[in-house]
Amino acid sequence: MKFIIAIIFSVFSLSASAEDGLITQFVITKVVDGSNTKHSYNNAVLVNFNDVHSFDFKGLYSLKLTTRTEDFKKVNVLINLKDLSTGKPYYVGGRATDLTVGDSTNFNFNRDGITYTVDIDTSYGKLP
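No experiment lies behind these values; they were computed from the predicted model shown.

### A few points about unusual backbone geometry
For Asn50, which is not glycine, the phi torsion reads 55° and is therefore positive. If you trace the backbone, Asn50 turns up in the loop between strand S2 (38–47) and strand S3 (51–57). Look at Asn50 and you get partly exposed, because its relative accessible area is 43%. Its identity as a non-glycine residue notwithstanding, Lys58 has a phi of 50°, on the positive side. Within the secondary structure, Lys58 is located in the loop between S3 and strand S4 (61–68).

In structure tokens:
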């Protein structure tokens, strides 16, 4: 009987092990054209693959991150960025790209005299 219980607990412990998720670190830089004003914001998130995630960061930015993959090596990353710093959500833009996990890229958006750059770096991380 103890042997059967040990096997059952072993199966449960193996099934409860963490699986890989996607760590996406990003730096959002905002530059007002014609001025020397430059604001940068840096953060990272750990997300599931093949899911949609929304994040609000300190009332500065709202980021929607969609990750799609078939083989968990190459991932299609779609971001939608809103600037919240004025007190109301201002849509900056959205863009998608295919990345091999471990690679990085950047997206540039120009809206009404303001340039936004979103630098993204990806890696694997263990989901809790």
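### Looking at the pattern of salt bridges
For the structure shown, the criterion picks out 2 salt bridges. Residue Asp20 pairs with Lys126 through a salt bridge whose shortest N-O separation is 3.1 Å. In this pair, Asp20 sits in strand S1 (residues 20–32) while Lys126 sits in strand S8 (residues 114–126), placing the two residues 106 residues apart along the sequence. Linking Lys30 and Asp83 is a salt bridge whose minimum nitrogen-to-oxygen distance equals 2.9 Å.

### Here's the deal with the packing of aromatic side chains
Evaluation of the coordinates by the stated rule reveals 6 aromatic pairs. Consider the rings of Phe49 and Tyr124, whose centres lie 6.3 Å apart with planes at 55°: the pair is tilted. In this pair, Phe49 is assigned in the loop between S2 and S3 and Tyr124 in strand S8, connecting sequence segments 75 residues apart. With relative accessibility at 9%, the residue Phe49 sits in the buried group. Here Tyr124 falls in the partly exposed class, since its relative accessible area comes to 37%. The structure contains a cluster of three or more aromatic residues connected by ring pairs, namely Phe26, Tyr41, Phe55, Phe57 and Tyr61.

What counts, and at which threshold
- Residues numbered from 1 in each chain as written.
- Predicted model: local features only at pLDDT ≥ 70, side-chain atom pairs only at ≥ 80, totals over all residues.
- Heavy atoms only, no water.
- Helix = DSSP H or I, 4+ residues; strand = E, 2+ residues; numbered from the N terminus.
- Buried < 20%, exposed > 50% of the residue type's maximum accessible area, 1.4 Å probe, protein only.
- Salt bridge = Lys/Arg side-chain N within 4 Å of Asp/Glu carboxyl O.
- Phe/Tyr/Trp six-rings, centres within 6.5 Å; stacked < 30°, edge-to-face > 60°.

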